[in-house]
Amino acid sequence: MPGHVSSARAPQRASGAAPLWSQAADLIREDIVSRGLAPGARLSSERELSTRYDISRVTLRKALLHLVDQQLLTASHGRGWFVAAPVAAREWPNDLESFSATARRKNLTPGSLVLRQEPAVASLNEAERLDVPAGTPLFRLDRVRLLDDVRIAVDRTLVVTRHAPGIEEADFTSSSLFDELRARGVELDRSEATIEARSAEPELARQLQIPQGSPVLALDQTIYTREQRPVLLSAVEYSGERYRLRTTFPPR
């Protein structure tokens, strides 16, 4: 069946070989890669896979769960096993790195669907966070962020316009906001952020093409320049099934 994994190879039971479940996991992984199966492609049923690989359902399930742990597959109760969407692994808070730079470092292709790109004015709350008078001109940029054409997050950003003249003319379907800021002499230094778990509201679920109520990771941050001047507010909501947060804590 198109889009399904099919293989007549079977794990070898020779003495000293890797466990059957590990061999089966390797075969499934090889088939997914060699056939270029896209995220969302469904594997054949467990009954068919166990027959093709000549292994028990218990062994097959262990192999499949291992691939879920490796973030190559996802499981949907009652529906089966699916090729997982790419996951962005972002080191936090070790550095201040753009979404595009993180993606390329992970050998993924970044992209954006621009939802809104327009002038705005600072509300009282935004003005306080950006240390500017209320009503100060801002640039508003709302985007769906993509990795290998998979919807990963919705990013809503406000920039103090006077710090980055001409920023509104950039093509943000492909351009990095951080790169555009640096091109205008804005040197970004640090971010103050809060992170929390939420459930996807209807609009966000539609934009990310995920079920309403799905888990999301919400990041709200203020980004400062080298002069410690707040220049940017960003609220990013990541699909919980497509994004992984990783950090390192030094020993004390």
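The coordinates are above.
The present account deals with the structure reproduced in this document. Within each chain, residues carry numbers counting from 1 in the order of the written sequence. Selection of residues for local features in this predicted model requires a pLDDT of at least 70, selection of side-chain atom pairs for listing and counting requires 80 or more, and totals for whole chains, interfaces and linings are taken over all residues. Side-chain figures throughout are based on the complete set of non-hydrogen atoms in the structure, without hydrogens or water.

## Quick look at the nonpolar core
To define a nonpolar core, start from buried Ala, Val, Leu, Ile, Met, Phe, Trp, Tyr and Cys residues and group those joined through side-chain atoms within 4.5 Å. Classification of residues uses two cut-offs on accessible area relative to the type maximum, computed with a 1.4 Å probe and protein chains only: under 20% is buried, over 50% is exposed, and between them is partly exposed. Core analysis: the biggest nonpolar cluster contains 18 residues, and Ile28, Leu43 and Leu64 have the highest contact counts within it. When residues of this core are traced back to their parent elements, those giving at least two are helix H1 (20–34), helix H2 (46–53), helix H3 (57–69) and strand S2 (80–83). Runs of E in the DSSP output that reach at least two residues are strands. Runs of H or I that reach at least four are helices, and both are numbered from the N terminus. Here this core gets five residues from one element, more than from any other, and that element is H1. Any two residues whose heavy atoms approach within 4.5 Å at even a single point are treated as in contact. Excluding its chain neighbours within four sequence positions, the residues that come into contact with Ile28 are Leu43, Tyr53, Leu60, Leu64 and Leu67. Grouped together as the second largest cluster of nonpolar side chains are 15 residues, Phe139, Leu141, Val159 and Phe178 included.

## Considerations on H3
Quick reminder: α-helices carry 3.6 residues per turn. Residues three or four places apart thus point the same way. One less than the number of residues in a helix, times 1.5 Å, gives the span that helix is expected to have. For H3, with 13 residues, the first-to-last C-alpha span of 18 Å sits near the 18 Å given by 1.5 Å per residue. Inspection of H3 places Thr59, Leu60, Ala63, Leu64 and Leu67 among the buried residues, and these make up the whole buried set. Burial along H3 is one-sided: seen end-on, the buried residues are contained in an arc of 135°. H3 presents Val58 and Asp69 as exposed residues on the side facing more than 90 degrees away from its buried surface. Buried residues belonging to H3 abut H1, H2, strand S1 (73–76) and S2. The first or second residue beyond H3 is Gln71, which carries a positive phi of 65°. To obtain the arc, one takes the directions from the helix axis to the C-beta atoms.

## As for the pattern of salt bridges
It is possible for side chains of opposite charge to pair when their charged atoms get near one another. What makes a salt bridge here is a side-chain nitrogen of Lys or Arg within 4 Å of a carboxyl oxygen of Asp or Glu, nothing more. Counting across every chain of the model gives 17 salt bridges. Where Arg182 meets Asp179, a salt bridge forms, and the shortest distance between an N and an O atom there is 3.8 Å. Here Arg182 pairs with Asp179, and both are found in helix H6 (residues 177–183), just three residues apart, close to one helical turn. Shared partners join several salt bridges into a network, and the residues in it are Arg156, Glu196, Arg198 and Glu237.

## A look at the packing of aromatic side chains
To pair, rings of Phe, Tyr and Trp, with the six-membered ring standing in for Trp, must have centres within 6.5 Å; the planes then decide the type, stacked if under 30 degrees apart, edge-to-face if over 60, and tilted in the middle. Considering all chains together, one arrives at one aromatic pair under this definition. Only when the NZ atom of a Lys or the CZ atom of an Arg is both within 6 Å of the ring centre and within 35 degrees of the ring normal do we say a charge sits over the ring. Of note, Arg190 hangs over the ring of Tyr224, and the distance from its end group to the ring centre comes to 4.1 Å.

## Details of the pairing of strand S8 (residues 215–225)
On any regular strand, side chains alternate: one points to one face of the sheet, the next to the other face. For S8, the tally of buried residues reaches eight of 11 residues, placing the bulk of the element in the interior. Paired strands are those between which DSSP finds at least two bridges. Sheet topology note: the S8/strand S9 (residues 230–239) ladder contains nine bridges and is antiparallel. Among the inter-strand pairings, Tyr224 is bridged to a residue of S9, identified as Pro230. Between the end of S8 and the start of S9, which pair antiparallel, lie four residues, with Gln228 showing a positive phi angle near 60°.

## Section: unusual backbone geometry
A positive phi angle, close to 55°, is found at Gln209, a residue other than glycine. With respect to the secondary-structure elements, Gln209 resides in the loop between helix H7 (202–208) and S8. By relative accessible area, which is 55% here, Gln209 ends up exposed. Phi at Gln228 takes a positive value of approximately 60°, unusual for a residue other than glycine. Within the secondary structure layout, Gln228 lies in the loop between S8 and S9.

## A few points about the sheet that holds S9
Spatial ordering of the open sheet is given by S4-S5-S6-S9-S8-S7, a layout of six strands whose pairing is antiparallel. Two strands close off the open sheet at either side, each with one partner strand: strand S4 (110–121) and strand S7 (188–199). On average, each strand axis in the sheet is inclined to that of its neighbour by 15°, with strand direction left out of account. Bridging between strand S5 (residues 137–147) and strand S6 (residues 150–160) involves 10 bridges; their strand directions are antiparallel. The residue of S6 that forms the bridge with Leu138 is Val160. Only the stretch in contact is used when fitting a helix axis, every axis being a line fitted to C-alpha atoms; angles between N-to-C directions are given from 0 to 180 degrees.

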